[in-house]
Amino acid sequence: LTSGQVLTYKGKGFKAFFHSTSGGITTSPEAAFGMQGGLEPLNGSDLGEFCKDSPKFNWNVRVGKGEVNARLIEWRVGISDCIRISVTASAPSGHAMTLRLFSRDGKSVEVRAIDFRFKMGLPSTNFESARDGNDWVFTGKGYGHGCGMCQWSAHGMAKAGWNHDKILRAMYPGAEVQTLY
């Protein structure tokens, strides 16, 4: 059925990234990886609630402030007692791109959200942060970098009766499935 078919944009193949769970919206390669020059099919897509069955559609991660501070010291970002986290740049999808971390001693530092996500063990960069006593609580959506195909949404779309071509067009707007051989 799909033998010889290739996903293309303007007649050429492209890197068609994929991830586990979008949380309902995908993002650009710039937000996901820090890559410049995104193509239309990779600039993000509103997928609705097709991935709502994913255990990471919505998530909460609680990390003790001592653990957050230990990870910041290990990371060597220049602050060691974080009292506030602010998103300084985000993609239209809501995925954070840069964050400013504020220290009790008045210092602050800007970091890439991608790096912060990995250092803190967060499922995605589509999150908000808040203090709750001695803990940081991160509340977000999705699992993975968020660019390209959401595997849980593709599953939901297939269960709803969508064929592969319709699913790919939803995931990669402007792309076409062409039979090349």
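Look up a bit, the structure's there.
What comes next concerns the included structure.

About the criteria used
Residues numbered from 1 in each chain as written. Predicted model: local features only at pLDDT ≥ 70, side-chain atom pairs only at ≥ 80, totals over all residues. Heavy atoms only, no water. Helix = DSSP H or I, 4+ residues; strand = E, 2+ residues; numbered from the N terminus. Contact = heavy atoms within 4.5 Å. Areas by Shrake-Rupley, 256 points an atom, 1.4 Å probe, with all protein chains shown as cover. Lys, Arg positive; Asp, Glu negative; His and termini not counted. Charge placed at Lys NZ, Arg CZ, Asp CG, Glu CD. Disulfide = S-S within 2.5 Å. Pairing = 2+ DSSP bridges. Core = buried A, V, L, I, M, F, W, Y, C linked by side-chain atoms within 4.5 Å. Buried < 20%, exposed > 50% of the residue type's maximum accessible area, 1.4 Å probe, protein only. Salt bridge = Lys/Arg side-chain N within 4 Å of Asp/Glu carboxyl O.

1. Let's talk about the overall build of the chain
Alright, step 1. Within the chain, the secondary structure is distributed over five helices and eleven strands.
Alright, step 2. Expressed as a percentage of contacts within the chain between residues at least 6 apart in sequence, the contacts between residues at least 24 apart total 61%.
Alright, step 3. In the structure as shown, the chain presents an accessible area of about 9500 Å², 49% of it carried by carbon and sulfur atoms.
Alright, step 4. Averaging the positions of the 21 positive and the 16 negative side-chain charges in the chain gives two centres separated by 2 Å.

2. Section: the state of the cysteines
Alright, step 1. Considering all chains together, one arrives at zero disulfides under this definition.
Alright, step 2. Cysteine C51 remains unbridged, with the sulfur of C150 as its closest cysteine sulfur at 4.1 Å.

3. Considerations on the pairing of strand 9 (residues 135-141)
Alright, step 1. As judged from the seven bridges shared by strand 4 (residues 58-64) and strand 9, these two strands associate in the antiparallel manner. Looking across to strand 9, one finds that W59 is bridged to G140.
Alright, step 2. Pairing analysis gives six bridges linking strand 8 (residues 127-132) to strand 9, with the strands arranged antiparallel. Its bridge partner being in strand 9, F127 is matched across the sheet by G140.
Alright, step 3. From the end of strand 8 to the start of strand 9, which pair antiparallel, there are two residues, and G133 there has a positive phi angle of about 65°.

4. Considerations on the sheet that holds strand 11 (residues 176-179)
Alright, step 1. Pairing is antiparallel across the open sheet formed by three strands, whose spatial order is 2-1-11. Edge positions in the open sheet fall to strand 2 (12-13) and strand 11, since each of these has one partner strand only.
Alright, step 2. Two elements, strand 1 (residues 5-9) and strand 2, share two bridges in a ladder whose sense is antiparallel. Bridge pairing in strand 2 places Y9 opposite K12.

5. A short note on the nonpolar core
Alright, step 1. Judged by nonpolar contacts, the single largest core of 22 residues is most densely connected at L72, L99, L101, F116 and F138.
Alright, step 2. Only strand 4, helix 2 (65-75), strand 5 (82-90), strand 6 (96-103), strand 7 (108-112), helix 3 (113-120) and strand 9 provide two or more residues apiece to this core.
Alright, step 3. Beyond its immediate stretch of four places on either side in the chain, F116 contacts W75, I85, L99, L101, V111, L122, F127 and F138.
Alright, step 4. Judged by nonpolar contacts, the second largest core, of 20 residues, contains A32, M149, M157 and I167.

6. What to know about the pattern of salt bridges
Alright, step 1. Scanning the entire structure with this criterion turns up eight salt bridges.
Alright, step 2. The closest approach of N and O atoms between R62 and D132, which form a salt bridge, is 2.9 Å. In this pair, R62 sits in strand 4 while D132 sits in strand 8, placing the two residues 70 residues apart along the sequence.
Alright, step 3. For R62, a relative accessible area of 49% translates into the label partly exposed.

In short, geometric facts, not functional conclusions.
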